[in-house]
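Below, each chain spelled out in residue letters.
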Amino acid sequence: RDVSGTTGDGGGGGTGQCTSDANCAVDYYCSAGNCIKLICASGYYISNHTCVPSTHKLQITSYEPVIYARLNGTNSTKVTVKNNGTVTGLSTMLNTTVGDGISVSVSPSSPYSLDSGESYVFNVTFVISNNSAIGNHSGTFKAYVSTNSSIYDAKSFALVVLPNTE
């Protein structure tokens, strides 16, 4: 059993007497016939009568793999990001990169706090200048934790720049 960083108070969660964890409240575990309160160290949370490490995990769950825009025009798309980890209040950002001559803005531009299991839809707007090359441009959506950019999910997309119809 992993009870990392735990201490017990010997008090009863449930009846105080136990033969297994099932006889104890969810934040207690059974030891030597007594329910012992779990107190987890920083970075851990209680699950199934034990302390387990918190996880940070982001996933891009919805996005357009191909986006079309015209020279000297704009187009917008939505990117949905989900916190699949156990950490609540995960400060999340979305970054978008694409070729030269294309301006990108993401809304919101500041970190958005996602609770565990929660999703958020970011709005991405592309502004195509007259200097942009017509054709396919490779791009990347990258959702990341604002305080630790090594925790991220990235998805590739194609931005197809079409000639202006005027």
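Calculation rules
Residues numbered from 1 in each chain as written. Predicted model: local features only at pLDDT ≥ 70, side-chain atom pairs only at ≥ 80, totals over all residues. Heavy atoms only, no water. Pairing = 2+ DSSP bridges. Helix = DSSP H or I, 4+ residues; strand = E, 2+ residues; numbered from the N terminus. Axes fitted to C-alpha atoms, helices over the stretch in contact; angles between N-to-C directions.

Chemist: Would you take a moment to explain the pairing of strand 4 (residues 50-53) for this structure?
Modeler: Looking down a regular strand, the side chains alternate between one sheet face and the other. Two strands pair when backbone bridges link them, and strand 3 (residues 44-47) and strand 4 are joined in this way by 4 bridges, in the antiparallel orientation. Considered in strand 4, the bridge of Tyr-44 is made with Pro-53. A loop of 2 residues connects strand 3 with strand 4, the two strands running antiparallel in sequence, and Asn-48 in this loop sits at a positive phi of about 55°.

Chemist: Teacher, can you tell me more about the sheet that holds strand 11 (residues 119-128) here?
Modeler: The strands making up a sheet are joined through hydrogen bonds of the backbone, oriented either antiparallel or parallel. Spatial ordering of the open sheet is given by 5-7-11-9, a layout of 4 strands whose pairing is antiparallel. At either margin of the open sheet sits one strand with a lone partner, and together these are strand 5 (58-62) and strand 9 (102-107). Between one strand axis and the next, the sheet turns through 30° on average, direction left out of account. Both strand 7 (residues 74-83) and strand 11 contribute to a ladder of 9 bridges, which runs antiparallel. Note that in strand 11 the partner of Lys-78 across the bridge is Asn-123.

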